[in-house]
Amino acid sequence: SQQGEEDPQALGIQEGENATMNCSYKTSINNLQWYRQNSGRGLVHLILIRSNEREKHSGRLRVTLDTSKKSSSLLITASRAADTASYFCATGGEGNTPLVFGKGTRLSVIA
Amino acid sequence: ETGVTQTPRHLVMGMTNKKSLKCEQHLGHNAMYWYKQSAKKPLELMFVYNFKEQTENNSVPSRFSPECPNSSHLFLHLHTLQPEDSALYLCASSPGTSGENEQFFGPGTRLTVL
């Protein structure tokens, strides 16, 4: 399975600190995406990184991808209480295979 | 607002009831998905539709019956459910079924089976 596995399962930090979440997967991918989910709501797409890219930025988000290690990390800088949510990685394979989501990391940012 | 709506937002039903979940997308996408999200489990893909045709059915029990009358609407018909079917049911859409596509999710229906 190419399912992503996030690490850690849960993370608690103080407002203003940086939060780093990791995702590992098992098979080759076309791209890797990160999503955010507020409690009891739908997922919201954050960022997509392609297999030939190593790093991507979007606002306070920085995503890295290491295909040799089959891993990705999501860094949220200067975290805010509003960043409290679950974060999921999803791997996209070749062709028409749908995205496969990991179990997620639950981030709590304390004001 | 993601452009994907789901109704109802909350549903409580008995094991002998029949109910339906509705999803509608206003994004002009061709692919629509049903996911099940249970506590402490990964997001489970249930069904995929592309241009109204079902392209994936991930061994979902027959008590869940999807219907896609057009590319904008997706239903999940429920009958004789079990308590373990209680979960958040999420609908999503994307331009196509390729894993390159970003998926847009609805807010979900919180289902409780008594």
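Attention here is on the structure that accompanies the text. Position numbers for residues start from 1 in each chain and track the written sequence from start to end. Labels follow written order: the first chain is A, the first ligand is 1, and so on. Where totals are concerned, whole chains, interfaces and linings use all residues; where local detail is concerned, this predicted model gives features only for residues with pLDDT of at least 70, and gives and counts side-chain atom pairs only at 80 or more. Think of the side-chain values as coming from all heavy atoms in the structure, minus any hydrogens and water.

### Notes on the overall build of chain B
1) Next: Each helix corresponds to a stretch of at least 4 residues labelled H or I by DSSP, and each strand to a stretch of at least 2 residues labelled E; elements are numbered beginning at the N terminus. Per the secondary structure count, chain B includes 0 helices and 11 strands.
2) Next: Overall, chain B shows an N-to-C arrangement of helices and strands of β-β-β-β-β-β-β-β-β-β-β.
3) Next: Only C-alpha atoms enter the radius of gyration, while the globule expectation follows 2.2 Å times N to the 0.38, with N the number of residues. The C-alpha radius of gyration computed for chain B amounts to 13 Å, which stays within 12% of the reference 13 Å derived for 114 residues, consistent with globular compactness.
4) Next: The buried label applies to any residue whose accessible area, calculated with a 1.4 Å probe on protein chains only, is under 20% of its type's maximum; exposed applies above 50%, and partly exposed to all values in between. Taking all 114 residues of chain B together, 50% fall into the buried category.
5) Next: Once local pairs closer than 6 in sequence are excluded, the contacts in chain B between residues at least 24 apart make up 54%.
6) Next: With the model as given, the accessible surface of chain B reaches about 5,200 Å², and the carbon-plus-sulfur share is 50%.
7) Next: Under this rule, positive means Lys or Arg and negative means Asp or Glu; His and the chain ends count for nothing. Taken as the charge centre is NZ of Lys, CZ of Arg, CG of Asp or CD of Glu, depending on the residue. Treating the 10 positive side-chain charges of chain B as one cloud and the 10 negative ones as another, the clouds have centres 10 Å apart. Whether two residues are in contact is decided by their heavy atoms, any of which lying within 4.5 Å being enough. Note on areas: Shrake-Rupley with a 1.4 Å probe; residue coverage comes only from the protein chains shown.

### Re the packing of aromatic side chains
1) Next: In this scheme Phe, Tyr and Trp rings, the latter by its six-membered ring, pair at centre separations within 6.5 Å, and the angle between planes marks the pair as stacked below 30 degrees, edge-to-face above 60, and tilted otherwise. Inspection of every chain in the model, using the stated rule, returns 7 aromatic pairs over all chains.
2) Next: With 5.7 Å between their ring centres and 85° between their planes, F101 of chain A and Y35 of chain B make a pair best called edge-to-face. Taken together, the positions of F101 of chain A in strand 10 (residues 100–101) and Y35 of chain B in strand 4 (residues 31–37) put the pair across two chains. Assigned by exposure class, F101 of chain A and Y35 of chain B land together as buried.
3) Next: Ring pairs connect the aromatic residues Y35 and F101 of chain A together with Y33, Y35 and F105 of chain B, which therefore count as one cluster.

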